[in-house]
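Chain by chain, the residues run as shown.
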Amino acid sequence: MKGIVGTLVVIGCVLGGYLPHGSFGILIQPLEVLIIIGSSIGAYITANPGWVVKAGFANAIALFKPNPYNKEMYLELLGLMFRIFNKARREGLMAIEADVEDPHSSELFNASPKVASDHHAVDFICDYLRLMISGASNPYQLEDLMILELDIHHHEAAMPAEAVGKVAEGLPGFGIVAAVMGIIVTMSYLDAGPLEIAHHMSVALVGTFLGILAAYGFVAPISSDMANRANDSSAFFSTIKTCLMANLNGYAPQIAVEFGRKAIPGAERPTFQELDEYLQTQK
């Protein structure tokens, strides 16, 4: 919704300031759009690995959906960690082995559907629980391994946003390319009347206009919001890490998830009372 509102505001303000003095028809130039947008997409495909290209398009489309990393998602995560730690504390680590090996059939995971639908988060949780079940109980070594994995995760999550940001940087240049080509076409009409020459000059300048508008009005904001979503994803994984490390260091389940609560970004962090009330429903 936020992305839709922002896009409509940009379009409304630009056209609202232009239409009282100009013609809308002159702005409709499909060939200029083909040159600018087509060249930008081609450069984007050439410059990036295939998975980044796909992720860039997928992540841009996902911006028009609500951010999944909200307070409800974090409460579900803390509830899941609490149930896992509680079961392991009461029945031993081997009691959660079946849940770890097949999380999609696990009552523990299915009780938190939002978290269960994020297979990257589920894999991260299960991988480290599996190591703990297998006897890897040195907290320093496991923490170093988590930090390494989270660094890789953050780098990969940021790559699509950075790639789209490069497209935003290049769009004004492609707009100039379209404008220069328009000027070249105009040169062949120098023997025509002033009105026809002015028309072709206007068409050429539309290329510069479209390139700059696409860059700063649409693609650059999309890149920035994609980077924000990548940071939100990293914060979510850091919360998982904090919970796991607190449990590994011997803290009781409720204290371990309180450690995790403290790692949640302030805008989405539930209060102590909210978490306590939620955990009462998980016992």
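One numbering rule holds for all chains: residues counted from 1, following each sequence as written. Local features in this predicted model are restricted to residues whose pLDDT is 70 or higher, and side-chain atom pairs enter the listing and the counts only when it is 80 or higher, whereas totals over whole chains, interfaces and linings include all residues. Side-chain measures were taken over the full set of non-hydrogen atoms in the model, leaving aside hydrogen atoms and water.

S.K.: Break down the packing of aromatic side chains for me, with residues and values.
M.R.: Ring pairs (aromatic) are described by centroid distance and by the angle formed between their planes. The criterion for an aromatic pair is that two Phe, Tyr or Trp rings (for Trp, the six-membered ring) have centres within 6.5 Å, with stacked assigned to planes under 30 degrees apart, edge-to-face to planes over 60 apart and tilted to the rest. By the definition in use, this model includes seven aromatic pairs. Centroid distance Phe 124 to Phe 237: 5.4 Å. Interplanar angle 75°. Geometry classified as edge-to-face. Placement of the pair is Phe 124 in helix α8 (residues 119-133) and Phe 237 in helix α10 (residues 194-248), with a sequence separation of 113 residues. Both rings, one in Tyr 251 and one in Phe 259, keep their centres 4.7 Å apart while their planes meet at 40°; by these two values the pair is tilted. The classification of residues rests on relative accessible area computed with a 1.4 Å probe and restricted to protein chains. Under 20% of the type maximum is buried, over 50% is exposed, and intermediate values are partly exposed. Judged by relative accessible area, which is 38%, Tyr 251 ranks as partly exposed. On the basis of relative accessible area, Phe 259 is assigned to the partly exposed category, the value being 36%. Through a chain of ring-to-ring contacts, three or more aromatic side chains come together here, namely Tyr 69, Tyr 74, Phe 124, Tyr 128, Phe 236 and Phe 237. Counting from the N terminus, the helices are the DSSP runs of H or I reaching at least four residues and the strands are the DSSP runs of E reaching at least two.

S.K.: Describe the side chain of Ser 233, naming the residues involved and giving the relevant values.
M.R.: With respect to the helices, strands and loops of the structure, Ser 233 is situated in helix α10. A distance of 3.4 Å separates a polar atom in the side chain of Ser 233 from a polar atom in the side chain of His 153. Aside from chain neighbours lying at most four places away, what touches Ser 233 is Tyr 69 and His 153. What qualifies as a polar contact is a pair of N or O atoms within 3.5 Å, subject to a donor-acceptor requirement within protein and to the restriction that residues adjacent in sequence count only when both atoms come from side chains. Only heavy atoms matter for contacts: two residues are in contact if any of them lie within 4.5 Å across the pair.

S.K.: Kindly report on the pattern of salt bridges, identifying the contributing residues and their values.
M.R.: The rule for a salt bridge is simple: a side-chain nitrogen of Lys or Arg has to be within 4 Å of a carboxyl oxygen of Asp or Glu. Inspection of the entire model under this criterion finds seven salt bridges. Between Asp 127 and Arg 130 there is a salt bridge whose closest N-O contact spans 3.1 Å. On the criterion of helical spacing, the pair formed by Asp 127 and Arg 130 is a turn pair, its members being three residues apart in helix α8. We classify Asp 127 as partly exposed; its relative accessible area is 35%. Arg 130 sits in the partly exposed class, given a relative accessible area of 29%. Its salt-bridge partner being Glu 258, residue Arg 261 comes within 2.9 Å of it at the nearest N-O pair. You can see Arg 261 and its partner Glu 258 sitting in helix α11 (residues 253-262), three residues apart, about one turn around the helix. An identical accessibility class is assigned to Arg 261 and Glu 258; each is buried. Connected through shared salt-bridge partners, Glu 101, Asp 127 and Arg 130 make up one network.

S.K.: Describe the environment of Ile 41, naming the residues involved and giving the relevant values.
M.R.: Mapped onto the elements of the fold, Ile 41 is located in helix α2 (residues 30-47). Relative accessible area serves as the criterion here: at 36%, Ile 41 is assigned to the partly exposed category.

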